[in-house]
Amino acid sequence: MSGRFRNAAMAAMLAFGAAVSASPACAERLIVSVSNHRVTVTPNYSGEELVLFGSVEKDSTTPTSRNNYDLVVTVSGPRADMVTRRKERKFGIWINTDYREFLQVPTYLALFSNRPFEAIASPEVERRQQLGLNNVLLTQRVGTDYADVVPNDAFRSAFVRLREEHGLYREETSAVTFLTPTLFRTGIPLPAEVPIGTYTVEIKLFSDGALITRTETAFDIVKVGFEQFVATTARQDGLLYGAFTAFMALMTGWMASIVFRKD
């Protein structure tokens, strides 16, 4: 009997644990969407701005005292390996003296919020939730090691600064607007040289310094027309792409010989 009782008690505890884990972890949920889930890049593309909009939905378990929310939106583009080089002037010329490789970091990264990150959460939560460019993990190859480093590392600072100058990394702490206590919107600027690929949009909801819930959406940036043909061919059929490139070079040379021919 005691053995059966222990087994029954254990089964009941497991069932209770499963029920607890299956129950909602929070009293709110986020409903979000973007104005365009597919951005097409044409030869005359000069950039555009998408709009993210959404709402905070409460249920019967939401505390009545919880009315003030903070929102952090992180937009992350396709990941790639990138290199930052250090140049020094020696013997009258600028040469590369050192470099640092950044491994699988976002080619586009934007963080938006309704107020400064330090006003939303404690420094510990900021680091854990990667709020702000200084807290985003950017893994580097340092010799034989792989690690992120302190925000004021010279290579990391230079890498972020260069991406910011091209509009590919950005941080705006007043970009999210609450239209009502539960309705919000923000813009997502996309520069002219925006990378092609799938972009992930992560939305985090905070209240009183704590993360309440989060959700994700996404959009794609694709090339169309002749540029898409060239990019697809280069990726899928290197031989055909090489032959086409050689043909175009020959045609360009032939046309130049006709235009500049001396009679």
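Read on for a plain summary of the structure. Small disclaimer: the values here were computed from a predicted structure and weren't measured. In this convention, every chain numbers its residues from 1, walking through the sequence in written order. Under the rules for a predicted model, residues below a pLDDT of 70 receive no local features and side-chain atom pairs below 80 are neither given nor counted, while totals for whole chains, interfaces and linings still include all residues. To obtain the side-chain values, all non-hydrogen atoms of the structure were used and water was disregarded.

1. Points about the sheet that holds strand β13 (residues 197-207)
Convention followed: For two strands to pair, DSSP has to find at least two bridges joining them. The helix count covers DSSP runs of H or I at least four residues long, the strand count covers runs of E at least two residues long, and both are numbered beginning at the N terminus. Fitted lines through C-alpha atoms give the axes, limited to the stretch in contact for helices. The angle between two N-to-C directions lies from 0 to 180 degrees.
The strand order across the open sheet formed by six strands is β2-β14-β13-β4-β7-β10, and the pairing between neighbours is mixed. With one partner strand each, in any of the chains shown, β2 (38-41) and β10 (169-172) form the two edges of the open sheet. The average undirected angle you get between the axes of adjacent strands in this sheet is 15 degrees. Summarising the sheet, β2 and strand β14 (residues 210-223) pair through four bridges and their orientation is parallel. Its bridge partner lying in β14, V39 is registered against I221.

2. Overview of the pairing of β13
Filter applied, for reference: The buried label goes to any residue with under 20% of its type's maximum accessible area, the exposed label to any with over 50%, and the partly exposed label to all in between, with areas taken from a 1.4 Å probe on protein chains only.
By the criterion of burial, β13 is predominantly enclosed, with eight of the 11 residues buried. In this sheet, β13 lies alongside strand β4 (residues 70-76) in antiparallel orientation, the contact comprising seven bridges. Following the sheet pairing, V72 is matched in β13 by K204. Pairing geometry for β13 and β14, over 11 bridges, is antiparallel.

3. Considerations on the nonpolar core
Formally: As used here, the term nonpolar core means buried Ala, Val, Leu, Ile, Met, Phe, Trp, Tyr and Cys residues forming a set that is joined through side-chain atoms within 4.5 Å. Contacts: residue pairs with any heavy atoms within 4.5 Å of one another.
Among the nonpolar cores identified, the biggest contains 30 residues, and V73, V75, I188, L190 and F219 are the most heavily contacted of them. Those elements giving two or more residues to this core turn out to be β1 (28-34), β2, β3 (48-58), β4, β7 (109-113), β12 (183-190), β13 and β14. Other than its neighbours up to four places away in sequence, V73 contacts L52, A110, L111, F112, V176, T186, V201, E202 and I203. With 18 residues, the next largest nonpolar core counts V72, V105, F159 and V160 among its residues.

4. Observations regarding the environment of N114
The test is simple: Polar contacts, as used here, are pairs of N or O atoms within 3.5 Å; protein pairs need one atom able to donate a hydrogen and one able to accept it. Residues neighboring in sequence count only if both atoms are side-chain atoms.
Looking at where N114 falls in the secondary structure, it is placed in the loop between β7 and α2 (117-120). For the pair N114 and F184, spaced 70 residues apart in sequence, the C-alpha separation works out to 9.4 Å. A polar contact is formed between the side chain of N114 and the backbone nitrogen of L71, at a distance of 2.9 Å.

5. Examining the layout of surface pockets
Remark: the empty space left among the atoms is shown by a probe the size of a water molecule rolled over them. Convention followed: Using protein atoms alone on a 1 Å grid, points that fit a 1.4 Å probe yet trap it form a cavity, whereas open point sets bounded by protein on both sides within 12 Å along at least five of seven lines form a pocket; residues with an atom within 4 Å of a point count as lining. Grid points are joined across faces, edges and corners, and a volume is the space filled by probe spheres set on the points. Ten residues, namely Ala, Val, Leu, Ile, Met, Phe, Trp, Tyr, Cys and Pro, are considered nonpolar, four, namely Asp, Glu, Lys and Arg, are considered charged, and the remaining ones, Gly among them, are considered polar.
Volume-wise, the largest pocket comes out at about 270 Å³. As for the largest pocket, its lining consists of 16 residues, of which T74, S76, R79, Q130 and E202 are closest to the centre. Counting residues per element, the ones that place at least two in the lining of the largest pocket are β4, β7, α3 (123-129), β13 and β14. Tallying contributions element by element places β13 first for the lining of the largest pocket, with three residues. Tallied by class, the residues present in the lining of the largest pocket amount to five nonpolar, five polar and six charged.

6. What to know about helix α4 (residues 154-165)
Inclusion rule: In this analysis, the expected span of each helix is defined as 1.5 Å times one less than the number of residues it contains.
With 12 residues, α4 extends 16 Å from end C-alpha to end C-alpha; this agrees with the ideal 16 Å at 1.5 Å per step. Along α4, the positions that sit buried rather than exposed are F155, R156, A158, F159, V160 and R163. Where α4 begins, the side chain of D153 points an oxygen toward the backbone nitrogen of F155, at a separation of 3.2 Å. Positive backbone phi, approximately 75 degrees, marks G167, located one or two places after α4.

7. A few points about the packing of aromatic side chains
Rules: Two rings belonging to Phe, Tyr or Trp (six-membered ring only in the last case) form a pair when the distance between their centres is within 6.5 Å. Interplanar angles under 30 degrees mark stacking, angles over 60 mark edge-to-face geometry, and anything in between is tilted.
Tallied over the full model, the rule gives five aromatic pairs. Plain terms: the ring middles of F102 and F159 are 4.3 Å apart, the flat faces sit at 15 degrees to each other, and that makes the pair stacked. Residue F102 is located in strand β6 (residues 93-106), and its partner F159 is located in helix α4; the two are separated by 57 residues in the primary sequence. Pair check on accessibility: F102 and F159 agree, each one buried. Relative to F184, the ring of F178 lies with its centre 6.1 Å away and its plane at 65 degrees, an arrangement referred to as edge-to-face. On the basis of relative accessible area, F184 is assigned to the buried category, the value being 2%. An aromatic cluster of at least three residues, connected via ring pairs, comprises F102, F159 and Y169.

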